[in-house]
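For reference, the chains in residue letters:
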Amino acid sequence: MPLTGNLLIGQRAVTGTQAAIRAIDPATDKPLDPPYAGASAEQLAQACALAWTAFDEYRETPLERRANFLDTIAEQIEALGDELIHRAVAETGLPAARIQGERTRTCTQLRTFARVVRAGEWLDVRVDHALPARQPLPRADLRQRQVALGPVAVFGASNFPLAFSVAGGDTASALAAGCPVVVKAHSAHPGTSELVGQAVARAVQMCELPEGVFSLLYGAGRDIGLGLVNDPRIKAVGFTGSRSGGAALCQAAQARPEPIPVYAEMSSINPVFLFDAALQTRGEVLAQGFVASLTQGAGQFCTNPGLLIARQGPALQGFIAAAGEQLQRTAAQTMLTPGIFAAYAAGVAALAANRNAQRVASGQAPQGPNQCQAQLFLTEAKAFLGDPALQAEVFGAVSLVVACDSDAQVRQVAEHLEGQLTATLHLDEADFDSARNLLPTLERKAGRILLNGWPTGVEVCDAMVHGGPFPATSDTRSTSVGTAAILRFLRPVCYQDLPDALLPAELQHANPLHLRRLVDGKREG
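Definitions and limits used
Residues numbered from 1 in each chain as written. Predicted model: local features only at pLDDT ≥ 70, side-chain atom pairs only at ≥ 80, totals over all residues. Heavy atoms only, no water. UniProt positions renumbered as here; feature names shortened; annotations may be inferred. Helix = DSSP H or I, 4+ residues; strand = E, 2+ residues; numbered from the N terminus. Disulfide = S-S within 2.5 Å. Phe/Tyr/Trp six-rings, centres within 6.5 Å; stacked < 30°, edge-to-face > 60°. Buried < 20%, exposed > 50% of the residue type's maximum accessible area, 1.4 Å probe, protein only. Lys NZ or Arg CZ within 6 Å of the ring centre and 35° of its normal. Pairing = 2+ DSSP bridges. Axes fitted to C-alpha atoms, helices over the stretch in contact; angles between N-to-C directions. Contact = heavy atoms within 4.5 Å. Right-handed = clockwise from strand over helix to strand, strands pointing away. Core = buried A, V, L, I, M, F, W, Y, C linked by side-chain atoms within 4.5 Å. Arc of directions from axis to C-beta. Salt bridge = Lys/Arg side-chain N within 4 Å of Asp/Glu carboxyl O.

Under the annotation held in an unreviewed UniProt entry, the chain carries the name Aldehyde dehydrogenase (NADP(+)) and is attributed to Pseudomonas oryziphila.

Encoded structure:
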């Protein structure tokens, strides 16, 4: 289908009136057609008004109908076929296989939330029957369920044009919760966003839902983003991006007359702890796994292993040498945008100029524009503890080894870290005591703790946590991946002494939806 460059305000394709953005093919540095004019303040307000008008009807749609809507979105995305793949490759420089895999993940997320909606456990229904004879005071009949917060503003991410974008995890979980969504497309891949946006809009129409359930906006700069956060009809925000961008949205959300939650995933360097016995017995294998994880997708993953922490000694030296040899054979890779490449180059230059960091290995030299040359640096724990610049995230294939002189210093470095999405332990049985002493710190610092694996790769399932303490995320209690992500967009409401005729179906005495409910302190159903 032809790309139009239009906004989607409900079911209407509308031409924006503000400055246009245009995708850049990062492999060639050439602009791609069509241009995408930004939304005006009036058009933004129209999208938010439609979302608000749709909210009360959409949040009470029957569970099966809402689940079918999520399944239909997945079907419509798959129906786009190769057109979606080709456009996403052109806008990101990512290989077709990566985009195909991401399309599968996106549709899996949607279908997973459809399963969650059908099961209804997310409603967390609780019933405490009346106790009229209780002394000294009787108890009223009390019933609780979770309800949707309201329209949600979702910001597409630069590094996942499908899975964290227009119909990605934030959108899927918000729609599953019963919240209409207004998406601000990322300026790096507007054509991909339009194709997916059209698929979502078709699903809205096919399922006969209110048109305001979904809208898609474009805009240069931060005006559209701040406009969405400040619109009083928006009740929550989902964001994946830079620390500065996430912090700006959080500040705007808290400055509103009615503050709202911002679920922002921002910055993480994902420390990997290499223990002595593991390094001694399989250091070369660990080096191979590390370089593969570090350089996957040019290191443009929020869970990229940006920090390695280990005790000094021959085993660590051998690991660094093996990793350096692997790295030197690694070809440079095209990054997502010229802007991301420029930020990466600046971050590498800052490390190279830092007297506390030593470059120990580099990948192969770039052969084209916007290519990431992988880098490995080394520092000592004492220097790391005294230099905040060494903890700054560099988005791309660069990592820093922190050499410690004792287990106590390893723990000191761990305590010094900011909040993280992941923390990884590579160990053998002989390392268990050292790891056991470190675990309480890591539980306070990270949302996911891995053993003998690598943090790149996030499974979409019930148990996954993709979150962590600040600055990994703005709300450490939440996850943006996995079925618990739906909880971000819900709040509890208690109903006291309402008759069945006025209660929602999930709270009625006969339990007509056959939900699992907590009744008088016991799980039923």
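J.: Got a minute to help me understand the UniProt feature "domain: Aldehyde dehydrogenase" (unreviewed entry) in the chain in this structure?
T.: The positions that UniProt labels "domain: Aldehyde dehydrogenase" (unreviewed entry) are, in the present scheme, residues 17–460. Along residues 17–460 one finds 45% helix and 19% strand; the C-alpha atoms at either end are 38 Å apart.

J.: How do you make sense of the state of the cysteines when you look at a structure like this?
T.: Applying the stated criterion across every chain yields a total of zero disulfides. Cysteine C250 remains unbridged, with the sulfur of C302 as its closest cysteine sulfur at 16 Å.

J.: Looking at this structure, how should I read the packing of aromatic side chains?
T.: Ring pairs (aromatic) are described by centroid distance and by the angle formed between their planes. Per the stated rule, a full pass over the model turns up nine aromatic pairs. Ring centres of Y36 and Y218 lie 4.7 Å apart, and the angle between their planes is 45 degrees; this geometry places the pair in the tilted category. Here the residue Y36 occupies a position in strand β6 (residues 36–38), and Y218 occupies one in the loop between β11 (214–217) and α7 (223–230), the gap between them amounting to 182 residues. Residues Y36 and Y218 agree in their burial class; the two are buried. Here the aromatic residues F160, F164 and F301 are joined through ring pairs into a cluster of three or more. In this structure, R59 is placed above the aromatic ring of F55, and the distance from its NZ or CZ to the ring centre is 5.5 Å. Above the plane of the ring of Y58 lies R66, whose end atom (NZ or CZ) is 5.6 Å from the centre.

J.: What is the right way to look at the sheet that holds strand β19 (residues 375–380) in this model?
T.: By definition, the strands of a sheet pair up through backbone hydrogen bonds, in either a parallel or an antiparallel sense. Reading across the sheet, the seven strands line up as β17-β19-β20-β15-β14-β21-β22 and stay open at both edges, with mixed pairing between neighbours. Two strands in the sheet have a free side with no partner beyond their single neighbour: β17 (358–362) and β22 (446–451). Geometrically, the sheet is characterised by an average inter-axis angle of 20 degrees between neighbouring strands, direction not taken into account. Inspection of the sheet shows strand β21 (residues 420–426) paired to β22 by five bridges, in the parallel sense. Residue pairing for β22: T422 is matched across the bridge by R448. Sheet contacts for helix α10 (residues 314–328): β14 (271–274), β15 (307–311), β17, β19 and β20 (398–404); angle to β17, the most-contacted strand, approximately 50 degrees. Sheet strands touched by helix α13 (residues 407–416): β14, β15 and β20. Its angle to β20, the strand with the most contacts, is close to 140 degrees.

J.: Would you mind going over the environment of L131 with me for this structure?
T.: Residue position: L131 is located in the loop between β7 (126–128) and β8 (142–148). Relative accessible area serves as the criterion here: at 36%, L131 is assigned to the partly exposed category. Measuring from C-alpha to C-alpha, the distance between L131 and D141 comes to 7.6 Å, with ten residues separating the pair along the chain. In this structure L131 touches P138 and R139, once residues within four positions along its chain are discounted.

J.: Is there a simple way to explain the pairing of strand β10 (residues 181–184) in this structure?
T.: Each regular strand displays side chains that alternate between the two surfaces of the sheet. The alternating pattern of β10 places V181 and V183 and V182 and K184 on opposite faces, both of which are buried. The pairing of strand β9 (residues 152–155) with β10 spans four bridges and is parallel. Bridging from a neighbouring strand, V152 pairs with V181 of β10. For the crossover that starts at β9, traverses helix α5 (residues 169–177) and ends in the parallel β10, the hand is right-handed. Taken together, the four bridges between β10 and β11 define a ladder with parallel strand orientation. Residue pairing across strands places V183 opposite L216, the latter belonging to β11.

J.: Teacher, can you tell me more about helix α3 (residues 82–92) here?
T.: Think of an α-helix as 3.6 residues a turn; residues three or four steps apart then line up on the same face. Buried residues of α3: L84, I85, R87, A88, E91 and T92, and no others. Where the residues of α3 are buried, they touch β4 (24–25), α2 (63–79), α4 (96–119) and α6 (190–206). G93 occupies a position one or two residues after α3 and carries a positive phi of about 75 degrees.

J.: Would you mind going over the nonpolar core with me for this structure?
T.: The tendency in soluble globular proteins is for nonpolar side chains to be buried side by side. Grouped together as the largest cluster of nonpolar side chains are 152 residues, with contacts concentrated most on F69, F273 and F319. In this view, F273 contacts I309, V410, A414, L417, T424, L425, H426, L438 and L442; residues no more than four positions away in its chain are not counted. Core analysis: the second largest hydrophobic core is formed by nine residues, A157, V458, V460 and V481 among them.

J.: Is there a simple way to think about α7 in this case?
T.: Inspection of α7 places I224, G225, L228 and V229 among the buried residues, and these make up the whole buried set. All buried residues of α7 lie within an arc of 135 degrees about the axis, which places them on one face of the element. Looking at the buried positions of α7, the neighbouring elements they touch are α1 (41–59), β9, β10, β11, β12 (236–240) and α8 (243–255).

J.: How should I be thinking about the pattern of salt bridges in this particular structure?
T.: Side chains bearing opposite charge may pair, as long as their charged atoms lie close to each other. As enumerated under the stated definition, the model contains 26 salt bridges in all. A salt bridge links D170 to R488; its shortest N-O distance comes to 2.9 Å. Of this pair, D170 sits in helix α5 while R488 sits in the loop between β22 and β23 (490–496); the two residues are 318 residues apart in sequence, bridging distant segments of the chain. The two residues D170 and R488 agree in class, both being buried. As a salt-bridge pair, R444 and E415 come within 2.6 Å of each other at their nearest N and O atoms. Here R444 is found in helix α14 (residues 432–445), whereas its partner E415 is found in helix α13, with 29 residues between them in sequence. Each of the salt bridges in this network shares a partner with another, and the network as a whole consists of D56, R59, E60, R145 and E506.

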